[in-house]
Amino acid sequence: MAVFSSARFPLALMAAAALTACGGGDDTTTTTPAATTQSVSIDFAATIGSSVLNIGTCADTQVNGIATRGGVAVNARLTDLRFYVSNVKLLKADGTAVAVTLDESTWQANAGTDSVALIDFEDGTCTNGGATGGTNTKITGNVASGTYVGVSFVLGVPESLNHVNPALSTTPKPIDASVPGMAWSWQAGRKFMKIELSPENATTAGTYTGSVQTITAAGAQATTTTAGVTTNVANTNAFVYHLGNTGCVADAAATATGGYTCSANNQVPVTIAAFNPTSQRVTMDLQALFAGNNATQNTTGTAAGCMSAADDPQCPAMFTALTGAKSGGTVFRAIAK
């Protein structure tokens, strides 16, 4: 198992040991105290199975293996991929988890005992509302000196921060008003993860609109009847996956959660037991996340794709995939840099 440590070979002590007393000199030696912290940098990637996505401009980010039509994989255009990572910890061989203190920046911040960082693969070239105009695929910080073998984090925003007012000057940068695309106003919180893609049109190659079929709960083409005339419900353009807490209502007494309580806490704790940040990075495997779902179809009367509703037919399979990530599943895993 790969390990990494802050230990430095004590060169100063070697030099001191090589000196012998010659008389008349000061034989006092000075040693440098061992560092109490070490820096850490954790890179993130996005993959489709074993293929790493080289995410660039919107028009260039094509993915295959997420959407299927008639049992056949179809191309899709990935227009947004962002998620929050909070309370990162490094793991020792004995299972001890040691918190990482993040470097303060536009992308990451510490707040009390919590911390949060935004991993952002979109560069603002897509029409995905609230783009940041930049990308961030790395977490940096420091941790108590030691030897570590793994990493854990939470996918999502801590409840202590989830409902804070983005307009306040005291709100940490990654969740303030400069990131409107991750605000989830209808739940008075934040989207923990935002993935949006548009499958290729079934009849016009190279076109990525009108490609998500609207179906009934039984899986048939949805129809509508007006003045005795029945027509198919129009296709939509995108399949979206917005993960976040739901059932959130104002509660003035819940001061610890910003005045809101949520009936469904959809934060996802993730553990990667074997991880070396020097040689590896953490990947989100979109193929594993979308397994069991069909991104070319959406049930009529429900949100476009999955917006974390327990009764949305497009959500259970994705929740199942994320549940597996809690104990080292395939949605999040370590891969080589």
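A few points on the structure. (Residues numbered from 1 in each chain as written. Predicted model: local features only at pLDDT ≥ 70, side-chain atom pairs only at ≥ 80, totals over all residues. Heavy atoms only, no water.)

**Remarks on the overall build of the protein**
Right, so step 1: Along the backbone of the protein there are four helices and 26 strands.
Right, so step 2: Roughly 15700 Å² of accessible area belongs to the protein as shown, and the carbon and sulfur atoms make up 55% of that amount. (Helix = DSSP H or I, 4+ residues; strand = E, 2+ residues; numbered from the N terminus. Areas by Shrake-Rupley, 256 points an atom, 1.4 Å probe, with all protein chains shown as cover.)

**Concerning the packing of aromatic side chains**
Right, so step 1: With the rule as written, the count across this model stands at seven aromatic pairs.
Right, so step 2: An angle of 85° between the planes, with centres 5.6 Å apart, marks the rings of Phe153 and Phe332 as edge-to-face. Of this pair, Phe153 sits in strand 12 (residues 150-155) while Phe332 sits in strand 26 (residues 332-336), and the two are 179 residues apart along the sequence. Residues Phe153 and Phe332 agree in their burial class; the two are buried.
Right, so step 3: Here the aromatic cluster, defined as three or more aromatic residues joined through ring pairs, consists of Phe44, Phe83, Phe121, Phe153 and Phe332. (Phe/Tyr/Trp six-rings, centres within 6.5 Å; stacked < 30°, edge-to-face > 60°. Buried < 20%, exposed > 50% of the residue type's maximum accessible area, 1.4 Å probe, protein only.)

**Looking at the state of the cysteines**
Right, so step 1: In the structure shown here, the tally under the stated rule is two disulfides.
Right, so step 2: Put simply, Cys248 and Cys262 are joined by a disulfide, and their sulfur atoms are 2.1 Å apart. Because the sign of the S-S torsion sets the handedness, a value of about 105° for the bond joining Cys248 and Cys262 places this disulfide among the right-handed ones. Of this pair, Cys248 sits in strand 20 (residues 246-250) while Cys262 sits in strand 21 (residues 260-264); the two residues are 14 residues apart in sequence, bridging distant segments of the chain.
Right, so step 3: Using a relative accessible area of 13% as the deciding quantity, one classes Cys248 as buried.
Right, so step 4: Note that Cys306 is cross-linked by a disulfide to Cys315, the S-S spacing being 2.1 Å. The S-S bond linking Cys306 to Cys315 shows a torsion near 115°; that makes this disulfide right-handed.
Right, so step 5: For Cys306, a relative accessible area of 0% puts it in the buried group. (Disulfide = S-S within 2.5 Å.)

**Describing unusual backbone geometry**
Right, so step 1: Within the chain, Ala188 stands out as a residue other than glycine whose phi angle is a positive 55°.
Right, so step 2: Looking at where Ala188 falls in the secondary structure, it is placed in the loop between strand 13 (183-184) and strand 14 (189-190).
Right, so step 3: Here Ala188 falls in the partly exposed class, since its relative accessible area comes to 23%.
Right, so step 4: Despite not being glycine, Ser308 shows a phi value in the positive range, around 70°.
Right, so step 5: Mapped onto the elements, Ser308 comes out in the loop between strand 25 (305-306) and helix 4 (316-325).

**Section: the environment of Ile66**
Right, so step 1: Tracing the backbone through its elements, the reader meets Ile66 in strand 4 (residues 62-69).
Right, so step 2: In sequence terms Ile66 and Gln287 are 221 residues apart; their C-alpha atoms lie 5.3 Å from each other.
Right, so step 3: Beyond its immediate stretch of four places on either side in the chain, Ile66 contacts Ile48, Leu197, Leu286, Phe290, Asn293 and Ala295. (Contact = heavy atoms within 4.5 Å.)

**Points about the nonpolar core**
Right, so step 1: Within the largest apolar cluster, 64 residues are counted, with the highest numbers of intra-cluster contacts made by Phe44, Phe83, Met193, Ile195, Tyr241, Leu289 and Phe290.
Right, so step 2: Per-element accounting of this core gives the leading share, nine residues, to strand 5 (residues 72-91).
Right, so step 3: Beyond its immediate chain neighbours, meaning those up to four positions away, Ile195 contacts Leu78, Asp80, Leu81, Phe239, Val240, Tyr241, His242, Met284, Leu286, Leu289 and Phe290. (Core = buried A, V, L, I, M, F, W, Y, C linked by side-chain atoms within 4.5 Å.)

**Quick word on the side chain of Gln267**
Right, so step 1: Structurally, the position occupied by Gln267 is in the loop between strand 21 and strand 22 (268-272).
Right, so step 2: Of the polar contacts made by the side chain of Gln267, one reaches the backbone oxygen of Val157; its length is 2.9 Å.
Right, so step 3: Discounting residues that sit within four places of it in the chain, Gln267 has contacts with Val154, Leu155, Val157, Pro158, Glu159, Phe192 and Asn245. (Polar contact = N/O pair within 3.5 Å; in protein donor to acceptor, adjacent residues only side chain to side chain.)

**Description of the pairing of strand 22**
Right, so step 1: Here strand 22 shows one buried face, formed by Val268, Val270 and Ile272, and one open face, formed by Pro269 and Thr271.
Right, so step 2: Inspection of the sheet shows strand 12 paired to strand 22 by five bridges, in the antiparallel sense. Looking at strand 22, one finds that Leu155 is bridged to Val268. (Pairing = 2+ DSSP bridges.)

**Observations concerning the pattern of salt bridges**
Right, so step 1: Under the definition given, this model contains seven salt bridges.
Right, so step 2: Notably, a salt bridge pairs Arg82 with Asp80, separated by 2.8 Å at the nearest N-O pair.
Right, so step 3: Among the charged side chains, a salt-bridge network with shared partners connects Asp80, Arg82, Glu122 and Lys194. (Salt bridge = Lys/Arg side-chain N within 4 Å of Asp/Glu carboxyl O.)

**Description of the environment of Thr36**
Right, so step 1: For Thr36, the location among the structural elements is in the loop between helix 1 (11-18) and strand 2 (37-48).
Right, so step 2: As for Thr36 and Val143, which are separated by 107 residues in sequence, their C-alpha atoms are 8.6 Å apart.
Right, so step 3: If we ignore the near neighbours within four places in the chain, the residues touching Thr36 are Val143, Ala144 and Ser145.

**What about the pairing of strand 19 (residues 239-243)?**
Right, so step 1: Most of strand 19 sits out of view: five of its five residues are buried.
Right, so step 2: Of the two faces of strand 19, the one lined by Phe239, Tyr241 and Leu243 and the one lined by Val240 and His242 are each fully buried.
Right, so step 3: Bridge count between strand 15 (residues 193-199) and strand 19: five bridges; the pairing is antiparallel. Opposite Ile195, over in strand 19, you have Tyr241 as the bridge partner.

The quantities given are spatial measurements derived from coordinates; they are silent on function.
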